[in-house]
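In case you want the letters, here they are:
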Amino acid sequence: MPASSALSKRGGEGDGILAAISRSQAAAHGREAAAMAKKLLRSTGKAAWIAGTTFLVLVVPLIIEMDREQQLNDLELQQQTLLGAPPAAPAK
């Protein structure tokens, strides 16, 4: 009988140790932790997608409109200065 088959029949060092380790409670906890991490990562990705698209749809147009209004106010102030009129107090 070859030495490798004798070791595997006796539960020796071959696949027996790897099989025992994979059946151990530590390995089971590791598999559970990996599954939970995968679920957490997927949920985090979904939340990031929702937050990102909400920002693009709601906040970016607001920022653009505020910038346009500021440019219009600056242009009006510049025109008043060029025409010699006293600058009006900014509206609050």
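Residues numbered from 1 in each chain as written. Predicted model: local features only at pLDDT ≥ 70, side-chain atom pairs only at ≥ 80, totals over all residues. Heavy atoms only, no water.

Here we come to the overall build of the chain. If you tally the helices and strands in the chain, you get three helices and zero strands. Written out in order from the N terminus, the α and β elements of the chain read α-α-α. Sorting the 92 residues of the chain into buried and exposed places 1% on the buried side. Element-wise, carbon and sulfur atoms account for 66% of the exposed surface of the chain, whose accessible area totals about 8300 Å². (Helix = DSSP H or I, 4+ residues; strand = E, 2+ residues; numbered from the N terminus. Buried < 20%, exposed > 50% of the residue type's maximum accessible area, 1.4 Å probe, protein only. Areas by Shrake-Rupley, 256 points an atom, 1.4 Å probe, with all protein chains shown as cover.)

Mean pLDDT over the chain stands at 82; residues scoring 70 or higher make up 75%. The secondary-structure element of the chain with the lowest mean pLDDT is helix α1 (residues 3–9), recorded at 49, while helix α3 (residues 25–83) shows the highest, at 93. (pLDDT = per-residue confidence, 0-100.)

The next thing to look at is α3. The terminal C-alpha atoms of α3 lie 84 Å apart, and with 59 residues this matches the ideal 87 Å at 1.5 Å per residue to within 8%. Within α3, the axis deviates most sharply at Leu 56, by approximately 35 degrees. Within two residues after α3, Gly 84 carries a phi angle of roughly 90 degrees, on the positive side. (Expected span 1.5 Å × (residues − 1). Bend = angle between axes of the 7 residues up to and from the residue.)

Let's shift gears to a nonpolar patch on the surface. Judged by side-chain polarity, Phe 55, Leu 56, Val 57, Leu 58, Val 59 and Ile 63 come together as a nonpolar surface patch covering roughly 580 Å² of accessible area. Along the polypeptide, Ile 63 turns up in helix α3. (Patch = residues over 30% accessible without salt bridge, like charges linked within 9 Å, V, L, I, M, F, W, Y side chains within 5 Å. Salt bridge = Lys/Arg side-chain N within 4 Å of Asp/Glu carboxyl O.)

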